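Here are the chains, one letter per residue:
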Amino acid sequence: MSKITMYYDTVSAYSLLAFELLVRYESTWGVPVELKPVTLGGIMEAAKNTPPGMNARKMAQLQKDFKLMSKLCEVETVGFMSNLVEAAGKLELQWLLALIATKHAGDKKLVQQSVAAAFALRWQDASLRDGGGRLDVSSAPLRAMCEKLGLDATATLAEANSQRAKDVLAANTQEALDHGAFGTPWIVVEHGGETHTIFGSDRMEAIALILGKKYQGPVPAKQ
Amino acid sequence: MSKITLFYDTISPYSLLAFELLMRYESTWGVPVDLKPVFLGGIMNAAKNTPPGMNPRKGKQLLKDFRLMSKLSEVESLPFMSNLFEAAGKMELQRLLALVAAEHAGNKKLVQQSVAAAFALRWKDASLRDGKNKLHVAPAHLRAMCEKLGLDATATLAEANSQRAKDALTANTKEALDHGAFGAPWIVVEHGGKTYTFFGSDRMEAIAFVLGKKYQGPVPAARL
């Protein structure tokens, strides 16, 4: 059975694009997509990699490229936060997603909604950015997110900060590393007895080739 | 007038893919593509960047990814040469291309053929690889390349080692850097009074988007 696994961190701009594209194609191609939160910082460290944004030229290009690719992919975003490094270090949101994915493993729709809500917090909600583009990385938006998902905010956030949730995030991160990851989004495609690894959000056409499916651009017709 | 400029180094595998894809779309979209050889080592240096292949995980993924993207793009290619970093430092081929581009600026077909021939030496001709997949580009190969292009090999190769050729390569490299380059391929698209920069060979759909043209996959139908 063909399967796609996406290892993502909501602090990763291109993870947002990969998420949206893969979820669109999940129904078009009929190939299930499993969403596994990881910590990008943990991946970078283990892979002896450094964030591209730390190189001035790369950061300048990233800003332009992400804006253009978002427009091409018809994904709304408010752009890079000015406190990207700080946001990357706040793991609570990733722990929360790991917890929800584990606790509600059978409720695919809820899991997807939680991921969408988390990406929205980081990349799509202008009200969480101050005048200087700084993202609110406190727990307050996470409470509102839980409530909107129909979860008990207090209990869920307490569990998100538990060892269990941290262990799940660490396990996912190790799994991505075992698949060769050095950044996110890291996509694993299993098909026809083979396993393929894909880095970034710009390989949908290649994924289609592997699966023997048709690539229909960033916004495919539903199946 | 819309225009695409490809800053490339023939040592860069994704430059090969970008070159082939852009050549296909040049006729399909009717947008001219200017091919400018650069020295990737010089770009890396000035950009304070390091080759991704020097990171073991990235190196492993690059091998797999290039194989997959070559297949998708229907571009024939040998695998990465085992002496990539050594080969990257040999500037002669890039200087030769800079010379041909300068001297034959009006002969677009010849310039394109020279670029294709250079990529073939580094990425397609198995006879230049030894038993350990090391690439060896000998003077005889460069001579044969010149001859096949209908150029006087002795004169051309002498000029490729001249200050003029070195200056042309350096000027192109600086131009790419002025456009923000930190690697190759570096693609600059001018359209509607705006300038867009792209890194890599996987932005054809985005280039179509800025040009207001249709993306038809890696192998488009010829221009209607």
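Undergrad: I would appreciate a short explanation of the interface of chain B and chain A in the present structure.
TA: Put simply, an interface is often sized by how much accessible area is lost when its parts join up. Every contact between the two is made by 32 residues of chain B and, on the other side, 32 residues of chain A. Surface buried jointly by chain B and chain A totals about 2,600 Å² across both partners, of which 52% is contributed by carbon and sulfur atoms. The tally of links from chain B across to chain A stands at 4 salt bridges. A salt bridge links R203 of chain A to D202 of chain B, with the shortest nitrogen-to-oxygen separation between them at 2.8 Å. At the level of secondary structure, the elements contributing two or more residues to the side of chain B that touches chain A comprise α3 (56–73), β4 (194–199) and α10 (204–211) of chain B. By residue number, the principal contributor to the side of chain B that touches chain A is α3 of chain B, which donates 9 residues.

Undergrad: Honestly, the packing of helix α5 (residues 92–103) of chain B against helix α8 (residues 153–160) of chain B in this entry has me stumped. Any pointers?
TA: Packed helix pairs are characterised by how far apart their axes lie and by the angle those axes make with each other. Residues and elements named next belong to chain B. The interhelical angle for the contact between α5 and α8, taken along N-to-C directions, is 110°, at an axis separation of 8 Å. Of the possible angle classes, the one that applies to α5 and α8 is roughly perpendicular. For the pair α5 and α8, the contacting residues are R95, L96, L99 and E103 in the first and T156, L157, E159 and A160 in the second.

Undergrad: What's the story with α8 of chain B in this structure? I'm lost.
TA: A turn of α-helix holds 3.6 residues, and therefore any two residues three or four places apart point the same way. Residues and elements named next belong to chain B. Along α8, the positions that sit buried rather than exposed are A153, T156, L157 and A160. Down the axis of α8, the smallest arc covering the buried residues is 95°, so these residues share one side. The secondary structure elements touched by the buried residues of α8 are α5, α7 (139–148) and α9 (163–178). Looking at where α8 begins, the residue whose side-chain oxygen comes 3.1 Å from the main-chain nitrogen of T154 is D152.

Thresholds applied
Residues numbered from 1 in each chain as written. Chains lettered and ligands numbered in written order. Predicted model: local features only at pLDDT ≥ 70, side-chain atom pairs only at ≥ 80, totals over all residues. Heavy atoms only, no water. Contact = heavy atoms within 4.5 Å. Buried area = accessible area lost by both parts, 1.4 Å probe. Salt bridge = Lys/Arg side-chain N within 4 Å of Asp/Glu carboxyl O. Helix = DSSP H or I, 4+ residues; strand = E, 2+ residues; numbered from the N terminus. Axes fitted to C-alpha atoms, helices over the stretch in contact; angles between N-to-C directions. Parallel < 35°, antiparallel > 145°, perpendicular 65-115°, else oblique. Buried < 20%, exposed > 50% of the residue type's maximum accessible area, 1.4 Å probe, protein only. Arc of directions from axis to C-beta. Polar contact = N/O pair within 3.5 Å; in protein donor to acceptor, adjacent residues only side chain to side chain.

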